[in-house]
Structures are given as C-alpha cells and as structure tokens.
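Analysis of the macromolecular model
Listed below, chain by chain, are the residues.
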Amino acid sequence: MKISSGVLVFLRIAVGTLFVFSGFSKLVASQADFLAVVLGYQVVYGAAAVKVAVVLPWVELMAGAFLAFGLWKRLALDVLWMLNTLFIGVIVSALVRGIAVQDCGCFGEGALSFSLPQVLVMDLGLWCVLALLAIKKQEVSRFSLDRLFAVHR
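Being a predicted model, the structure only gives us computed values, none of them experimental.

Re the overall build of the chain
In terms of helices and strands, the chain carries 6 helices and 0 strands. By residue count, 37% of the 153 residues in the chain fall in the buried class. A separation of at least 24 residues holds for 74% of the contacts in the chain among residues at least 6 apart in sequence.

Spelled out as structure tokens, the structure:
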C-alpha cells in the first residue's frame, strides 16, 4: 500500500503535536496530581515514581516538538515509540491485575481522561503510526528541519 508523503508528513506533525500537548498539559497541572496517577498504576513507587512524574512530561514535550518540527526525527521517533511501548505495557499490566485506574493521566489533570481499554486501543493505534513513520522515514522528511539543515538521522 502506497501512502503519500503528504499524509506521512501530516501524521508526523500530528503525532508530535499530540505528545507536545500531552507533555505540556502535565507540566501545567499539579505535579502531585500526576504523581498520584503514576502511583495509581502500581508499577513504580517512592523516588522512582517522583522521577517519572517529573521527567516524563518533559520527555513527551521535547520529543514531540522535535518530531513535529522534524529535527532529529529518527531519535524523536525512537524515544516516542519506546515511551508508547512502555505505556502499552503499563496499561496491559493494570488491566491484567484488575487495577481500577480512575484517570489515565494521558493529558494531565483530568483534561481528557479515558478508560484503560480505550487508552490501550489508542496507544496501539499510535504505536502503529509511529512504526509506520519510522519505516517511511525518508518520505517523512518533507517540511522538516532535518532536511533544511541536512541532518540525516
């Protein structure tokens, strides 16, 4: 199946923007609330949970911005794909263990909240889009800073 480079560029910018929005909404919300969400998944505790609550929004914001602008897009794609894979694992773990997570934490303090099955479906779809962008990395280069600066990553 042939996908036009225009569609791939749109997907790159849309996915990058989604992660920018996700990271930014967590940064402007109460850090204690996001920490509660992280602890609610019962995967990390204590100092590790605090580090996740502090670092994750910045990683999402920065990697999303790099992807949207097409700067170091290969690295940005790798980081976001790994994060998304981790998110899928955490959600599956919560579902299997029957943990009732009230707020998915996807977009900060209750701005948008989805059930775990809904989040799993969205993250699986996002995982596929990220994989497609990684596979089609040359066609994704249009309208990118990598191309402007002749950075090949």
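There is more to say after this.
With respect to a nonpolar patch on the surface
On the surface, a nonpolar cluster with roughly 200 Å² of combined accessible area is contributed by Val50, Val54 and Val55. Mapped onto the elements of the fold, valine 55 is located in helix α3 (residues 46-69). A relative accessible area of 44% means that valine 55 is categorised as partly exposed.

A few points about the packing of aromatic side chains
What the rule picks out here adds up to 2 aromatic pairs. Plain terms: the ring middles of tryptophan 81 and tryptophan 127 are 5.5 Å apart, the flat faces sit at 40° to each other, and that makes the pair tilted. Of the two residues, tryptophan 81 sits in helix α4 (residues 73-97) while tryptophan 127 sits in helix α5 (residues 116-135), which places them 46 residues apart along the sequence. Its relative accessible area of 33% is what places tryptophan 81 among the partly exposed residues.

Examining α5
Its 20 residues place the ends of α5 28 Å apart at the C-alpha level, agreeing with the 28 Å of an ideal helix rising 1.5 Å per residue. Looking at the packing, one finds that the buried side of α5 touches α1 (5-28), α3 and α4.

A closer look at the environment of serine 22
Turning to its location among the elements, serine 22 is positioned in helix α1. The class for serine 22 is buried, based on a relative accessible area of 5%. Separated by 84 residues in the primary sequence, serine 22 and cysteine 106 have C-alpha atoms spaced 6.3 Å apart. Looking at serine 22, its side chain comes within polar contact range of the side chain of glutamate 60, at 3.2 Å.

Focus: the nonpolar core
Formed by 32 residues in total, the largest nonpolar core has its most connected members in Tyr41, Leu67, Leu80 and Leu130. Listed by contribution, the elements that provide at least two residues to this core are α1, α2 (31-40), α3, α4 and α5. It is α4 that provides the largest number of residues to this core, a total of 8 residues. Apart from the residues lying within four places of it in its own chain, the contact partners of leucine 67 are Arg12, Val15, Gly16, Lys73, Ala76, Leu77, Leu80 and Leu130.

Digging into the packing of α1 against α5
Packing of α1 against α5 brings their axes to within 10 Å, and their N-to-C directions diverge by 130°. When the axis of α1 is compared with that of α5, the two are oblique. In terms of crossing hand, the pair formed by α1 and α5 is left-handed. Between α1 and α5, the residues in contact are Leu8, Leu11, Arg12, Val15, Leu18 and Phe19 and Leu126, Val129, Leu130, Leu132 and Leu133, respectively. Tallied by class, residues from the contact of α1 with α5 come to 10 nonpolar, no polar and 1 charged.

Thoughts on the environment of alanine 36
Tracing the sequence through the fold places alanine 36 in helix α2. By relative accessible area, which is 46% here, alanine 36 ends up partly exposed. Note: C-alpha distance between alanine 36 and aspartate 103 (67 residues apart in sequence) is 9.5 Å.

About the thresholds
In this convention, every chain numbers its residues from 1, walking through the sequence in written order. At least 70 in pLDDT is required for a residue's local features to be given in this predicted model, at least 80 for side-chain atom pairs to be given and counted, and no such filter applies to totals for whole chains, interfaces and linings, which use all residues. Each side-chain value is worked out from all heavy atoms of the structure, with water and hydrogens disregarded. Under the scheme used here, helices are H or I runs from DSSP no shorter than 4 residues and strands are E runs no shorter than 2 residues, and both carry numbers assigned from the N terminus. Here's how the labels work: a residue is buried when its accessible area is under 20% of the maximum for its type, exposed when over 50%, partly exposed in between, all with a 1.4 Å probe on protein chains only. Whether two residues are in contact is decided by their heavy atoms: any pair within 4.5 Å suffices. Within this analysis, patches are made of residues with over 30% relative accessible area and no salt bridge. Like charges are joined at 9 Å or less; nonpolar side chains (Val, Leu, Ile, Met, Phe, Trp, Tyr) at 5 Å or less. To be clear on the numbers: accessible area is Shrake-Rupley with a 1.4 Å probe, and residue cover counts the displayed protein chains and nothing else. What counts as a salt bridge is simple: a side-chain nitrogen of Lys or Arg found within 4 Å of a carboxyl oxygen of Asp or Glu. Pairing of aromatic side chains requires ring centres within 6.5 Å, counting the rings of Phe and Tyr and the six-membered ring of Trp. Pairs whose planes differ by under 30 degrees are stacked, by over 60 edge-to-face, and all others tilted. The span expected for a helix works out to 1.5 Å for each residue beyond the first. Pairing of N or O atoms within 3.5 Å defines a polar contact, subject to two protein rules: one partner must be a possible hydrogen donor and the other a possible acceptor, and residues neighboring in sequence count only if both atoms are side-chain atoms. Side-chain atoms within 4.5 Å link the members of a nonpolar core, which is a set of buried Ala, Val, Leu, Ile, Met, Phe, Trp, Tyr and Cys residues. The axes are straight lines fitted to the C-alpha atoms, using for helices just the contacting stretch, and the angles between their N-to-C directions are given from 0 to 180°. Working definition: roughly parallel below 35 degrees, roughly antiparallel above 145 degrees, roughly perpendicular at 65 to 115 degrees, and oblique for all remaining angles. For a crossing to be left-handed, the near helix must be turned anticlockwise from the far one by less than a right angle; the clockwise case is right-handed. Classification used: nonpolar for Ala, Val, Leu, Ile, Met, Phe, Trp, Tyr, Cys and Pro, charged for Asp, Glu, Lys and Arg, polar for all others including Gly.

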